[in-house]
Amino acid sequence: MMLVVTIFAITNTPLDGFTPNLRITQQFLSDIAPRAMLICAFIGVIHYWVNQKLDYSFNKSKLNLNQKIFGLTFFLGCSNLLLFLKTERIKLSLRDRYMVLLISLSSAGGISCISISALGIPVYQILIASLALPLLIVILALPFNTGKSTPMMSGPEMDAESKSANKTLAGYIVKYLVGASKLIANKAITIMFFELIRNSINKFNIDWSHVVYYPHLLLNDLGFNAQAAEVITQAWIAKTVANREAALIDIANSGIYDELSLIHQMLTISLLINIASIGALIVIGLNILALFGKQGMQFLSILPIAFVIVNVVPILPVVLYALVMH
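Computed from a predicted model, the values in this text were never measured in an experiment.

### Some details on the overall build of the protein
Now for step 1: When helices and strands are counted, the protein shows 15 helices and 0 strands.
Now for step 2: Here the protein, with 326 residues, has 46% of them falling under the buried criterion.
Now for step 3: Long-range contacts, defined here as pairs at least 24 residues apart, represent 80% of the contacts in the protein between residues at least 6 apart.
Now for step 4: With an accessible surface of roughly 16,500 Å², the protein has 68% of that area assigned to carbon and sulfur atoms.

### A look at the packing of aromatic side chains
Now for step 1: By the definition in use, this model includes 3 aromatic pairs.
Now for step 2: Considering the side-chain rings of tyrosine 48 and tyrosine 172, the 5.6 Å spacing of their centres and the 70° angle between planes classify their relative orientation as edge-to-face. Remark: tyrosine 172 occurs in helix 7 (residues 169–202) and tyrosine 48 occurs in helix 2 (residues 23–53); sequence separation between them is 124 residues.
Now for step 3: Taking relative accessible area as the criterion, tyrosine 48 reaches 24% and is therefore assigned partly exposed.

### Digging into helix 12 (residues 278–292)
Now for step 1: Look at helix 12: 21 Å from first C-alpha to last across 15 residues, which is about the 21 Å you get at 1.5 Å a residue.
Now for step 2: Along helix 12, the residues classified as buried are Gly279, Ala280, Val283, Ile284, Gly285, Asn287, Ile288 and Phe292.
Now for step 3: Looking at the residues trailing helix 12, positive phi occurs at glycine 293, about 60°.

### Thoughts on the environment of glutamine 26
Now for step 1: Structurally, the position occupied by glutamine 26 is in helix 2.
Now for step 2: Of the residues examined, glutamine 26 reaches a relative accessible area of 1% and is grouped as buried.
Now for step 3: Separated by 165 residues in the primary sequence, glutamine 26 and isoleucine 191 have C-alpha atoms spaced 9.6 Å apart.

Calculation notes
- Residues numbered from 1 in each chain as written.
- Predicted model: local features only at pLDDT ≥ 70, side-chain atom pairs only at ≥ 80, totals over all residues.
- Heavy atoms only, no water.
- Helix = DSSP H or I, 4+ residues; strand = E, 2+ residues; numbered from the N terminus.
- Buried < 20%, exposed > 50% of the residue type's maximum accessible area, 1.4 Å probe, protein only.
- Contact = heavy atoms within 4.5 Å.
- Areas by Shrake-Rupley, 256 points an atom, 1.4 Å probe, with all protein chains shown as cover.
- Phe/Tyr/Trp six-rings, centres within 6.5 Å; stacked < 30°, edge-to-face > 60°.
- Expected span 1.5 Å × (residues − 1).

Below is the structure:
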């Protein structure tokens, strides 16, 4: 509740009332966070309805693991997906845990990613990217993922925990609102931290031309104008290092997005929409430890590899478009 009150207060505070060094943080809290809270409450209602009306069972489902994780990631997002796995007491093999991280990190963060539409990005583009990138991960992983998934844990321990769990609608909503508040707080702190670092680095006038030269050149060759290429390159670096929301806020504030063609908009959103960033890596790592304790090391040991792969995959549509153009 304190977070909701804080968001409300910040939403009604003029930008000039905030330190200029934290304007992106304020815009995240005022434009994205309130909608994300409402959407997470809606997800809690849907989760309750599915469990009550359809007797949904991860163990009884005839879908394979990739299909289950793909669907759940689209609706729940990475952190809520891990919470779901913990709640349902699902035991996964190394290959399965690897696919969970790949698919969930490559997603746009579940249906809650619609909150990004507050920045003016069309919802259909966000949803297409949210589906396309995890699907690309699944297709690329097919040759290495032909075995049978490890079944869900069963027995008295699981039955006792299932009976003791709060199955009321209010319980589901509270669970998702608590998870959403933690996620928003983690993201806000991460954005604030990297925003302050970026502003501090800018004061030293460091020459970044050797870092951005080749991405900037590639975007120019693909038909992006000089301003758009520069803004998108900087946003892509900011997304990889800091946070997806911070990068998209930069894109929205620059005013270049609406001037792009549809194909260029989709390439841009593909580069920036997934949640895999150093900031998210830290937050998800902490969430894994909080949820799974010592058993979380099974996820943490492969998290860096999944992180690298997920950051390479969104570049593939850009490369493919470059090959088609030439």
